[in-house]
Each structure stands twice: as structure tokens, then as C-alpha cells.
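Below, each chain spelled out in residue letters.
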Amino acid sequence: MPAKKLVQQFYKSDALINSEIMDTFLHPDVILEWNSSKGYVQMKRTEILTLANELSKAYVRSKARISHLLKDGNLVTVRYSHYIKTIENPREEMLLAHFMVIWEIKDGKLFRGYQMSQLS
């Protein structure tokens, strides 16, 4: 699958709140370097899958609204806003945060991610 389509499908899926779906997109040696408004964290495969599992406990729906999707070689950059519906209020969609991510694709999987986010 082309790199740009892989990233697009990743964010259009429920991977952000479903660790089983997330697992299908991740390279075995994936690393995500994340700079957020709360600080820096580096996550490996296990931590990323754990995060998706934890998010599934709080959110019944997750949607990434992509505004930019650019490809350069094996790098894909995506800018999106992440919307969620909580278990407590499943009828109201809320903006969680804005994200900018550069993904390096290797062997048809997400290999290295460089992410910045800001809470809404």
C-alpha cells in the first residue's frame, strides 16, 4: 500500500481507540516521539498499544479530521484535529486536540513518528 494511503487509512480507522486495529498499522520496532503541551514522551510499540487501550475505556468514538496530508519519499506528514465522544456523554462530539505528525514508513508500516499536539 502506498505510504500516503497507509497513513490516511490509519487515521480514518478506529486505531486511536482500538489497540487491535492499531497493532495492524505499527512496525514491530515503532517509536513515537511526542511533544505535547504537557511535555515530551517517547513511546515504543507496547506503550502505544497501551495508550489506545486506555483511550478505549474513556471514549466511545474517535475521529481524526485531516486538513493536510503530504508525502515526500517514505515520509508522510499529517495535520489533523482529533474529535472524541466520551462514555459519559456519547451524543456530544468534542475537540480533544490538534496534531501534526511526520511518519516514516518502513515495510508498509508506521515506523518512526514525530508528533506535536496542543489541547483544544
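Above this text you will find the structure in question.
This section reports on the structure supplied with the text. (Residues numbered from 1 in each chain as written. Predicted model: local features only at pLDDT ≥ 70, side-chain atom pairs only at ≥ 80, totals over all residues. Heavy atoms only, no water.)

1. Quick word on the environment of Gln-42
Then comes step 1: Residue placement: Gln-42 occurs in strand 2 (residues 39-44).
Then comes step 2: Expressed as a C-alpha distance, the spacing of Gln-42 and Val-78, which sit 36 residues apart in the sequence, is 19 Å.
Then comes step 3: With sequence-adjacent residues up to four places away left out, Gln-42 is seen in contact with Ile-31, Leu-32 and Glu-33. (Helix = DSSP H or I, 4+ residues; strand = E, 2+ residues; numbered from the N terminus. Contact = heavy atoms within 4.5 Å.)

2. What to know about the nonpolar core
Then comes step 1: Core analysis: the biggest nonpolar cluster contains 28 residues, and Val-7, Tyr-11, Met-22, Trp-103 and Leu-110 have the highest contact counts within it.
Then comes step 2: Of all elements in the fold, only helix 1 (3-12), helix 2 (19-25), strand 1 (26-36), helix 3 (45-58), strand 3 (59-72), strand 4 (75-86) and strand 5 (94-106) reach the threshold of two or more residues within this core.
Then comes step 3: Beyond its immediate sequence surroundings of up to four residues, Met-22 is in contact with Phe-10, Ala-15, Leu-16, Ile-48, Leu-49 and Ala-52. (Core = buried A, V, L, I, M, F, W, Y, C linked by side-chain atoms within 4.5 Å. Buried < 20%, exposed > 50% of the residue type's maximum accessible area, 1.4 Å probe, protein only.)

3. Quick look at the environment of Trp-34
Then comes step 1: Tracing the chain through its elements places Trp-34 in strand 1.
Then comes step 2: For Trp-34, a relative accessible area of 18% translates into the label buried.
Then comes step 3: C-alpha of Trp-34 to C-alpha of Gly-108: the two residues are 74 residues apart in sequence and 22 Å apart in space.
Then comes step 4: Setting aside residues up to four positions removed in sequence, Trp-34 forms contacts with Gly-39, Tyr-40, Val-41, Met-43, Leu-51, Phe-99, Gln-115 and Ser-117.
Then comes step 5: Of note is the side chain of Trp-34, whose polar atom sits 2.8 Å from the side chain of Ser-117. (Polar contact = N/O pair within 3.5 Å; in protein donor to acceptor, adjacent residues only side chain to side chain.)

4. So, the pairing of strand 4
Then comes step 1: Of the pairings in the sheet, the one linking strand 3 to strand 4 comprises 12 bridges and is antiparallel in character. Pairing of Lys-71 across the sheet is with Val-76, part of strand 4.
Then comes step 2: The antiparallel pairing of strand 3 with strand 4 creates a hairpin that spans 2 residues between the two strands, and Gly-73 there sits at a positive phi of about 65°.
Then comes step 3: Of the pairings in the sheet, the one linking strand 4 to strand 5 comprises 10 bridges and is antiparallel in character. In the strand pairing of strand 5, His-82 is matched with Ala-97. (Pairing = 2+ DSSP bridges.)

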